[in-house]
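Coordinate inspection notes
Residue strings, one per chain:
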Amino acid sequence: MSASYNPVIRIVPNSESVDHYAAEMVISQIRTKPDSVISLPTGSTPENLYNLLVLAHKNDDLDFSKVTIFNLDEYWPISKNHPSSYAYYMRKHLVDHININSTNWYIPNGEAPDAQAESERFEAVLQQFTPDLTILGIGPGTTCHIGFNEKGSTIDSTTRYVALDPQTRSANSKFFQNPTDTPTGAITQGIADILRAKKILLIAKGEGKAWGIHRTINGEIGATAPSSYLRCHPAVTIMLDQAAAHLL
Ligand code: F6R
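The structure presented is a predicted model; accordingly, all values stated were derived computationally and were not measured. (Residues numbered from 1 in each chain as written. Predicted model: local features only at pLDDT ≥ 70, side-chain atom pairs only at ≥ 80, totals over all residues. Heavy atoms only, no water.)

1. Things to note about the sheet that holds strand S7 (residues 160-163)
With antiparallel pairing, the three strands of this open sheet are ordered in space as S4-S8-S7. Two strands lie at the open edges of the sheet, namely strand S4 (73-75) and S7, each paired on one side alone. When strand polarity is set aside, the average angle formed by the axes of neighbouring strands in this sheet is 30°. Note that S7 and strand S8 (residues 185-188) share four bridges and pair antiparallel. Bridge pairing in S8 links Ala163 to Gly185. (Pairing = 2+ DSSP bridges. Helix = DSSP H or I, 4+ residues; strand = E, 2+ residues; numbered from the N terminus. Axes fitted to C-alpha atoms, helices over the stretch in contact; angles between N-to-C directions.)

2. Quick word on the layout of surface pockets
Within this model, the largest pocket holds a volume of roughly 330 Å³. Taken together, 23 residues make up the lining of the largest pocket; nearest its centre are Thr42, Gly43, Ile138, His145 and Lys209. Take the lining of the largest pocket: its biggest share by element is three residues, from helix H5 (residues 166-172). Of the residues in the lining of the largest pocket, the class split is ten nonpolar, ten polar and three charged. As a volume, the second largest pocket reaches approximately 180 Å³. Looking at the second largest pocket, it is lined by 13 residues, and the ones nearest its centre are Pro83, Ser84, Tyr89, His93 and Phe175. A total of five residues in the lining of the second largest pocket trace back to one element, the largest contributor, which is helix H3 (residues 86-93). Here the lining of the second largest pocket is composed, by residue class, of seven nonpolar, four polar and two charged. (1 Å grid on protein atoms, 1.4 Å probe; cavity = no way out; pocket = protein on both sides within 12 Å on 5 of 7 lines; lining within 4 Å. Points joined across faces, edges and corners; volume = space filled by probe spheres on them. Nonpolar A, V, L, I, M, F, W, Y, C, P; charged D, E, K, R; others polar.)

3. Notes on the nonpolar core
With 42 residues, the main nonpolar core has Leu49, Leu53, Met90 and Leu94 as its most contacted residues. Listed by contribution, the elements that provide at least two residues to this core are helix H1 (15-32), strand S2 (37-40), helix H2 (47-60), H3, strand S6 (133-136) and strand S9 (199-204). When residues in this core are grouped by element, the largest group, seven residues, is from H1. Excluding residues that lie within four positions of it along the chain, Leu53 makes contacts with Ala23, Val26, Ile27, Leu62, Phe64 and Leu94. By size, the runner-up hydrophobic cluster in this structure holds 22 residues, among which are Ala204, Ile217, Leu230 and Val236. (Core = buried A, V, L, I, M, F, W, Y, C linked by side-chain atoms within 4.5 Å. Buried < 20%, exposed > 50% of the residue type's maximum accessible area, 1.4 Å probe, protein only. Contact = heavy atoms within 4.5 Å.)

4. A word on the site of the ligand
In the region of the ligand, 15 residues are neighbours, and Thr45, Asp73, His145, Gly147 and Lys209 sit closest. For the ligand, an oxygen atom lies 2.6 Å from a polar atom in the side chain of Asp73. His145 is positioned with one of its side-chain polar atoms (N or O) 2.6 Å from an oxygen atom of the ligand. In a pocket analysis with a 2 Å cut-off to the grid points, the ligand is assigned to the largest pocket. (Near = heavy atom within 4 Å. Polar contact = N/O pair within 3.5 Å; in protein donor to acceptor, adjacent residues only side chain to side chain. Sits in = over half its atoms within 2 Å of the grid points.)

Structure (structure tokens):
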């Protein structure tokens, strides 16, 4: 096991404060280094963060023209135009509303015929960059996933196909019109990819994340709680609302 560090833990009054803090971190990253490389999650947690970034672009000239974005994951298989795909989510919440160069946005291709070949392709591109900042959410219940690195993920894992934990499928079925359509797998950046970032911000909101946050910070570091690997990185901030922090 690599050296372990203490993440910076910030507990703020409510979920809006989490969004504002996360947005400030991304905005200051881009203003300080306009060609920043940033890895981003999807899901409910960062939705308002993306609204704030779009507002900063529209109202305060936040310039994404030199920024590179890598998504952490995408369901597989899924059509890019499926309204529950992460490609669609990113276009809807962020990419279509900012001046990012479309060739600077990378997301695993859910339509690729071969998930392993697609994982290798994505990993090869990712290896050409060092993310300056990676934003993460955390999985529901006891999953402790980051990206879609479910239980059993190793610290040296890279981009690959993973089967989704039943708790993940159940939580994410709310995003599908027909819940039984929720995919059983995804292509995700690995733990080693996530830990290559210079800085990491994990954001969590709500009661449903409290157990996972407690386990991340206080439990043993290892594959039974992939988010615990974040303690092997020297520059991690964990930003929580009161509900997500209530077991600490
Ligand atoms: C999705 C991702 C996942 C989510 C996590 C939390 O791109 O990386 O790790 O961040 O499943 O999802 P929400 O925010 O919907 O609770």
